[in-house]
Amino acid sequence: MLKKIISLILIYSLIGFPAIAKENIGNEINKKEYPESNAVLPQKTGKDNFVIEGSVEKSVDMTLDKCIELALGNNPQINAAFQDILASDTRIKQVWSNYFPQLSWQTGYTRIKQLQLSDALGRNLTFNYFILGQITLQQMLYDFGVTQNQATIRRLDYEAYKTTLTGIINDIIYQTKDAYYNLLYALENKRVAEDTVEKFEMFYDQAKAFYQIGMNPKVDVTIAETNLSSAKLKLIQADNAVELAIAKLNNVMGVPFIDRYNVQERLTYVPVDVTLEKSVEIARESRPELHLAEIKVESAKQTLKLVKKSYFPTISIEGQYQRGGKSWNSNYGYNLGGYLNFPTVNGMLIRNEIKEARYLYDKELANAQNTQNSIYLEIQNAFLTLQEKKNQIPVSMLQVKQSKENYELSYGRYKVGEASPTELKDAQIQYQEAQLNYYATLYQYNSARAALEKAVGKNLIPEEDIIELKAKS
């Protein structure tokens, strides 16, 4: 007993007092066999603060709101969808151009030798025909609603592109949120890995001290060294996971080559009190895909009306003025006329085109129903996942608390020589896994919340924030 007390006093005089004593112990051991922990830690390079090029600020503290702002301004999918809107707007004007006059101008020279007239007269007759200018003006007056239907279809296409842009923005916001939460999760994992390395470094130094005074065998030092190496390997993996998460977030924001930045926020639990019925009600008003399905049904209906007008004529007028003749300016002429133009009718073709349009209309009705069902299922999945992760958070927090208490008890026992390195390692691993599970649950909760917001097409603001906004307004 006296020997054990003396050994403990020697240990605390070596590791409980300052780092000089620790360094002395470390220097007395073969560093090739037991290298210092700093020698194998991942080396950090570059600046800690990240800078966005072109920003007035020299150091940017990135938040979720700033990430969404960058994504909405830089993601190429949004820009492409916006260009579709602009192109669709010009198609509407192209259709209405049918009511604008058509002007053409022609000049030329023609040499004619008519075969029949030459045979009748018994000699070759050759004519030179000059056109100094021929101006033709055509104006369509009425086409019995054909242009109107075409313009309506184009206008519906325009609304569809705008709704598609809204859907893309909704999806980009979700991807940005999920990538941002994934980055926060990776940073939490890295913090846990760094904490684990520090603890195993302490165990390693403790084991060396025990071995130095002859209290524990060398196998304990080997076990501590192995544990430390494993912890450092996981730290390297966690550090790389952070870099991959940053790359994914930058890609979603549309700025893959942005300089590095500070992330100030951490994973938190923000309660969202919303029922499944309320989520479905919000989706009916806000989900762009539902509105897009309605537009496609109406567009198919208008196409069916248009095909039925394939038999309809058009009413137009035309005026023409010519100058020319035997020489470039020898004579002139003109003509004016009004026309009722009937299209060339192929009854079988038009009949089957009408059938096709009717089938496509029925198809869009079925697609609209399928879209509604798919969105309802998406809302259900996101809502149920959100509820599951919400219920898991207090349990995972309790696991962290219990595993931490178990670790502290094991560490206390180890310091007085009552616990083995294996017992201490198991306690530390359990504590580490409990922390990782807790942060994984937090990430999954936030990701499920973002998925539910995407499914309903609207941000879900906590009740207290709604009350605060109403008070300010």
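Please read these numbers as outputs of a predicted model, since none were measured by experiment. (Residues numbered from 1 in each chain as written. Predicted model: local features only at pLDDT ≥ 70, side-chain atom pairs only at ≥ 80, totals over all residues. Heavy atoms only, no water.)

On to the sheet that holds strand β5 (residues 314-325). Paired through backbone hydrogen bonds, the strands of a sheet run either parallel or antiparallel to each other. The four strands lie next to each other as β2-β3-β5-β6, forming an open sheet whose pairing is antiparallel. Every other strand in the sheet has two partners, leaving β2 (102-113) and β6 (331-341) as the edge strands with one partner each. Strand-to-strand twist in this sheet, taken as the mean axis angle between neighbours without regard to direction, amounts to 20°. As judged from the 11 bridges shared by β2 and strand β3 (residues 126-142), these two strands associate in the antiparallel manner. Bridge pairing links I112 to F127 in β3. (Pairing = 2+ DSSP bridges. Helix = DSSP H or I, 4+ residues; strand = E, 2+ residues; numbered from the N terminus. Axes fitted to C-alpha atoms, helices over the stretch in contact; angles between N-to-C directions.)

One pass over the full model with this rule turns up 15 aromatic pairs. Judged by centre distance (5.4 Å) and plane angle (55°), the ring pair of Y438 and Y439 falls under tilted. Comparing Y438 with Y439 shows no difference in burial state: the two are buried. Here a set of aromatic residues connected by ring pairs shows up, and it is made of F200, F203, Y407, Y411 and Y431. Positioned above the aromatic ring of Y204 is the side chain of K208, whose terminal nitrogen or guanidinium carbon lies 4.7 Å from the ring centre. (Phe/Tyr/Trp six-rings, centres within 6.5 Å; stacked < 30°, edge-to-face > 60°. Buried < 20%, exposed > 50% of the residue type's maximum accessible area, 1.4 Å probe, protein only. Lys NZ or Arg CZ within 6 Å of the ring centre and 35° of its normal.)

Closest axis-to-axis distance for the helix α6 (residues 146-212)/helix α9 (residues 288-308) pair is 9 Å, and the angle between their directions is 165°. Taken together, the axis directions place α6 and α9 in an arrangement best described as roughly antiparallel. For α6 against α9, the interelement crossing comes out left-handed. Tallied by class, residues from the contact of α6 with α9 come to eight nonpolar, 12 polar and five charged. (Parallel < 35°, antiparallel > 145°, perpendicular 65-115°, else oblique. Left-handed = near helix turned anticlockwise from the far one by under 90°. Nonpolar A, V, L, I, M, F, W, Y, C, P; charged D, E, K, R; others polar.)

Once that is clear, we can look at the packing of helix α10 (residues 347-415) against helix α11 (residues 421-456). Running from N to C, α10 and α11 point in directions that differ by 160°, and their axes come no closer than 7 Å. Regarding the angle of α10 to α11, the classification is roughly antiparallel. The element α10 and its partner α11 pack so that their crossing is left-handed. Per-class residue counts for the contact of α10 with α11 are 24 nonpolar, 12 polar and eight charged.

Moving on: the side chain of S88. The residue S88 is located in helix α4 (residues 76-96) in this model. At 3.2 Å, the side chain of S88 and the backbone nitrogen of Y158 are in polar contact. (Polar contact = N/O pair within 3.5 Å; in protein donor to acceptor, adjacent residues only side chain to side chain.)

We now examine the environment of N74. Within the secondary structure, N74 is located in helix α3 (residues 64-74). Taking the relative accessible area as the measure of exposure, N74 reaches 34% and is therefore partly exposed. With 181 residues separating them along the chain, N74 and V255 place their C-alpha atoms 6.7 Å apart. Leaving out residues up to four positions away in the same chain, N74 has contacts with M253, G254 and V255. (Contact = heavy atoms within 4.5 Å.)

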